[in-house]
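# Summary of structural features
The lines below spell out each chain.
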There are 2 protein chains.
Amino acid sequence: MTRVTLLAGGVGGARLAHGLDLALDSDDDLTVVVNVGDDTELHGLAISPDIDTVVYTLAGLNDEERGWGLRGETYATLEAMSRLGEDTWFTLGDRDLATHVVRTARLRRGEPLSSVTAGIAASLGVRPRVLPVTDDPLVTLVDTPSGRLGFQEYFVGRQHADAVLGLTFDGADDARPAPGVLPALTDAGLVVLAPSNPFLSIHPQLAVPGVREALVATHARRVGVSPIVGGQAIKGPAAQILETLGHEVSALGVARLYTGLVDVMCIDEADAALAGPIEELGFDVLVTRTVMGGPPGRERLARELLALA
Amino acid sequence: MTRVTLLAGGVGGARLAHGLDLALDSDDDLTVVVNVGDDTELHGLAISPDIDTVVYTLAGLNDEERGWGLRGETYATLEAMSRLGEDTWFTLGDRDLATHVVRTARLRRGEPLSSVTAGIAASLGVRPRVLPVTDDPLVTLVDTPSGRLGFQEYFVGRQHADAVLGLTFDGADDARPAPGVLPALTDAGLVVLAPSNPFLSIHPQLAVPGVREALVATHARRVGVSPIVGGQAIKGPAAQILETLGHEVSALGVARLYTGLVDVMCIDEADAALAGPIEELGFDVLVTRTVMGGPPGRERLARELLALA
């Protein structure tokens, strides 16, 4: 039996979670700990984009082409909300909205996000444990030349076009790891940092007191998968943020960020030349195809990572 | 210029409101005061069925065949909520849901229901003023042989099959009339009690301190339209409730309920034989076709009522 824990953000994390779910046997154990720094409230509804991307992908319901949201989605409610004068810059499909309505109602009844998430995931037939890193408020704020922006304003509203000068994980100091998060790190045989944005998806999780410490202390084999391939992000603003925050825009730059956190850096074949410099930092290096695409690519990468356990 | 105020519940009130809107000139003034005793919270959303029926009908968006909800409605969100384990006995369409999401968000921000309703109505191009009778909590509870039921549990959940032994308007004693309600009664030239259920749609409004008094004291001509035609309710459980609460199931029984509240009873041609007995109670009586059906029938009835002003 293999116990695997994945720290994940949105699409990259969701795809690798899916690959691990495909690769693991039924008696294996997968926990996906998910970033909540992107969570927001819109129209009075609690939106958890990373959790939903992971859950929808594991349920086989996600829109693979678009990378977010549900396949075959419709938008009748959002159009009607627009007619009622609501600002609808953040796209919410009708089926996706059901998740937000249900989550909001259950949270307002006092159920913690981790329990709400488990319920939604179970209803959608998801087998792995999907855990928000915390049930407490933790909000990523983005400092830009235009001032401090809420995460979704930066990411969706302004299409992550602003230079990122700094990041604040508001509330992190007072946040407690959700039930199961620390054991998932401590008791795992393999911990994987998904090819998610280090600053936006991984760092907010490490900012929750106890999480970084558990990752540092675990006896699990720890692997970080670089989201930077050939000097570019597979998706999203990771490359820009590495640059504006003064890091090398490469898998080597990512490896430096993960010093002390992982034992192995998994980098793409395109970056094979960086294996030596990364090894010099003290990491083992796995060179493989890290761009997953569809389910076969996800499962292949997952199997290579599992072989490290 | 004619100032008309209509006290309305759901479908019957909405149809007469529509008729009055069609019949009145642009410099006339129509206020529709609407029952909120049917309001409920489902899935954490604030649902105001009577307000929505009135607003949707005035906006020309209602489903005429079904009598409630929006025309051409879809149900993607509700189906997805059902998959997430929610109890979906109360049908909520995708476009209708937009109203509930928007209302809930605005109420939670502290906006009163009257203001939220005005905003929604304006967005949908509704000309008459639509006012909840109160911005405060007022909940109709239904005593039945099976115990006390919430209104929607009685009405939708159990299809108003239970005998009604009594009604409680919980919160009414502490409720204040919404801004504009008392002036709408005091300053009107004509006040109409819609052919809505007296017990479920009109009485909850009169239970708000000041409303009954304003209706009794107004110098307006006051007309009650009987929702009972030929001893049967046009729609809904009005006949059953008259019976179980010990009233005559007829327009005469309704007239007795409206003693002191209206000057004129408007009854259907089918009940012409009751005109004499109703006059003996001290009412003037208008005998006409009260079953409105579509817009022409609504406008015709409205014009007959306006002629009484």
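Residues numbered from 1 in each chain as written. Chains lettered and ligands numbered in written order. Predicted model: local features only at pLDDT ≥ 70, side-chain atom pairs only at ≥ 80, totals over all residues.

### A look at the overall build of chain A
Which entries qualify depends on this criterion: Numbering of helices and strands runs from the N terminus; a helix is a DSSP stretch of H or I covering at least four residues, while a strand is a stretch of E covering at least two. Two things to know: the radius of gyration comes from C-alpha atoms, and the globule rule equals 2.2 Å times the number of residues to the power 0.38. With C-beta atoms placed from the backbone, the exposure class of a residue follows from how many other C-beta atoms lie within 10 Å of its own: 20 or more, buried; 12 or fewer, exposed; in between, partly exposed. Two residues qualify as a contact pair if the distance between their C-beta atoms, derived from the backbone, is within 7 Å.
On a plain count of helices and strands, chain A comes out with 13 helices and 14 strands. In terms of overall dimensions, chain A is globule-like: its C-alpha atoms have a radius of gyration of 18 Å, near the 19 Å expected for 309 residues. Its C-alpha atoms give chain A principal-axis dimensions of about 60 × 50 × 40 Å. Among the 309 residues that make up chain A, the fraction classed as buried is 53%. Contacts spanning at least 24 positions in sequence make up 67% of the contacts within chain A whose residues lie at least 6 apart.

### Some remarks on the interface of chain B and chain A
Listed by partner, the interface residues are 25 residues for chain B and 25 residues for chain A. No other element matches the ten residues that helix α4 (residues 94–108) of chain B contributes to the side of chain B that touches chain A.

### So, the sheet that holds strand β7 (residues 147–150) of chain B
Residue and element names in this part refer to chain B. Formally: Strands are treated as partners if at least two bridges between them are detected by DSSP. Axis definition: a line fitted to C-alpha atoms, limited for helices to the stretch in contact. Angles are taken between N-to-C directions and run from 0 to 180 degrees.
Taken together, the three strands give an open sheet; going across it, the order is β7-β6-β8, and neighbouring strands pair in antiparallel fashion. The strands lining the two open edges of the sheet, one partner per strand, are β7 and β8 (166–170). The sheet shows a mean angle of 30° between the axes of neighbouring strands, direction not considered. By the bridge criterion, four bridges tie strand β6 (residues 139–144) to β7 in an arrangement that is antiparallel. Looking at β7, one finds that D143 is bridged to R148.

### Overview of the relation of the copies chain B and chain A
Note: a rotation about an axis with an accompanying shift along it relates these two copies of the chain. Threshold: Copy-to-copy alignment: least squares on C-alpha atoms, limited to residues at pLDDT 70 or above in both.
Note on the copies: chain B fits chain A at an RMSD of 0.0 Å, the axial shift is 0.0 Å, and the rotation between them is 180°. What we have between these two chains is a two-fold relation. It is D94(B) whose C-alpha, among those of chain B, lies nearest the rotation axis, at 3.4 Å.

### Concerning the sheet that holds strand β14 (residues 284–288) of chain A
All names here are of chain A. As summarised here, the arrangement of the seven strands in space is β5-β2-β1-β9-β10-β13-β14, forming an open sheet in which the pairing is parallel. Single-partner strands in this sheet number two, and they are β5 (129–132) and β14. For this sheet, the mean inter-axis angle between neighbouring strands, taken without regard to orientation, is 20°. Of the pairings in the sheet, the one linking strand β1 (residues 3–8) to strand β2 (residues 29–34) comprises six bridges and is parallel in character. Bridge pairing in β2 places T5 opposite T31.

### Examining unusual backbone geometry
Even without glycine at this site, H43(A) takes up a positive phi of about 55°. Mapped onto the fold, H43(A) is located in the loop between β3 (40–42) and β4 (45–47). With phi around 35°, H160(B) is a residue other than glycine that occupies positive phi space. The residue H160(B) is located in the loop between α6 (151–157) and β8 in this model. Look at H160(B) and you get buried, because 21 C-beta atoms sit within 10 Å.

### Some remarks on the nonpolar core
Rule in force here: Put simply, a nonpolar core is a cluster of buried Ala, Val, Leu, Ile, Met, Phe, Trp, Tyr and Cys residues tied together by C-beta atoms within 7 Å.
By size, the foremost hydrophobic cluster in this structure holds 202 residues, and its most contacted members are V192(A) and V192(B). What V192(B) contacts, discounting residues up to four positions off in sequence, is V4(B), L6(B), L16(B), V223(B), V225(B) and L305(B).

### With respect to the packing of helix α1 (residues 11–23) of chain B against helix α13 (residues 295–306) of chain B
All names here are of chain B. Cut-off, in case you're wondering: Every angle not falling under 35 degrees, over 145, or within 65 to 115 is termed oblique; those three ranges are roughly parallel, roughly antiparallel and roughly perpendicular. For this scheme, ten residues count as nonpolar: Ala, Val, Leu, Ile, Met, Phe, Trp, Tyr, Cys and Pro. Four count as charged, namely Asp, Glu, Lys and Arg, and the remainder, Gly too, count as polar.
Their axes nearest at 7 Å, the elements α1 and α13 cross at an angle of 75°. Comparing the axis directions of α1 and α13 gives the class roughly perpendicular. Where α1 abuts α13, its residues R15, L16, H18, G19, L20, L22 and A23 lie against P295, R298, E299, L301, A302, R303 and L306. Residues that form the contact of α1 with α13 fall into these classes: eight nonpolar, two polar and four charged.

### Quick look at the confidence of the model for chain A
Put simply, the rule is: The predictor rates its confidence in each residue with pLDDT, a number between 0 and 100.
Residues at a pLDDT of 70 or more form 100% of chain A, whose mean pLDDT is 96. Under the prediction, the complex receives an ipTM of 0.91, its pTM being 0.93.

### Some points on the environment of A270(A)
Structurally, A270(A) can be placed in the loop between β13 (264–268) and α12 (275–280). Discounting chain neighbours no more than four positions away, the residues touching A270(A) are V229(A) and G230(A).

### Observations concerning α13(B)
Residues and elements named next belong to chain B. Spelled out, the test is: In this scheme, a helix's expected span is set at 1.5 Å multiplied by one less than its residue total. Throughout, the arc means the angular range of directions from the helix axis out to the C-beta atoms.
With twelve residues, α13 extends 16 Å from end C-alpha to end C-alpha; this agrees with the ideal 16 Å at 1.5 Å per step. Those residues of α13 that sit buried are R298, L301, A302 and L305. The buried residues of α13 all sit within an arc of 100° when viewed along its axis, so they share a single face. Looking at the buried side of α13, the elements it contacts are α1, β9 (190–193), β10 (221–225), β13 (264–268) and β14 (284–288).

### Thoughts on helix α3 (residues 76–83) of chain A
Among the residues making up α3(A), those that are buried are A76(A), T77(A), L78(A), A80(A) and M81(A). Looking at the residues trailing α3(A), positive phi occurs at G85(A), about 95°.

### Description of the pairing of strand β2 (residues 29–34) of chain B
Residue and element names in this part refer to chain B. The following threshold applies: Note on handedness: a crossover is taken as right-handed if, strands pointing away from the viewer, the path from the first strand over the helix to the second is clockwise.
A large share of β2 lies buried, amounting to five of its six residues. For the crossover that starts at strand β1 (residues 3–8), traverses α1 and ends in the parallel β2, the hand is right-handed. Sheet analysis places β2 next to strand β5 (residues 129–132), joined by four bridges and oriented parallel. Within β5, the position partnered with V33 by the bridge is L131.

### Digging into the packing of α4(B) against helix α5 (residues 113–123) of chain B
Residue and element names in this part refer to chain B. Worth spelling out the cut-off: Crossing chirality is assigned from the near helix's rotation relative to the far helix, an anticlockwise turn below a right angle marking it left-handed and a clockwise turn marking it right-handed.
Contact pair α4 / α5: the axes reach a minimum separation of 10 Å and the direction vectors enclose 140°. The orientation of α4 with respect to α5, classified from their angle, is oblique. Between α4 and α5 lies a crossing whose hand is right-handed. Within the contact between the two elements, α4 uses T99, V102, R103, R106 and L107 and α5 uses L113, V116 and I120. Looking at the contact of α4 with α5 residue by residue, the classes come out as five nonpolar, one polar and two charged.

### Some remarks on the environment of L58(A)
Structurally, L58(A) is set in helix α2 (residues 49–58). The residues touching L58(A), leaving out its near neighbours within four places in the chain, are A17(A), H18(A), D21(A), V126(A) and P128(A).

### Points about the environment of Y154(B)
All names here are of chain B. Residue position: Y154 is located in helix α6. Counting along the chain gives 18 residues from Y154 to D136, while the straight-line C-alpha distance between them is 22 Å. With residues up to four places along the chain from it excluded, the contact list for Y154 reads V142, T144, L149, H160 and D162.

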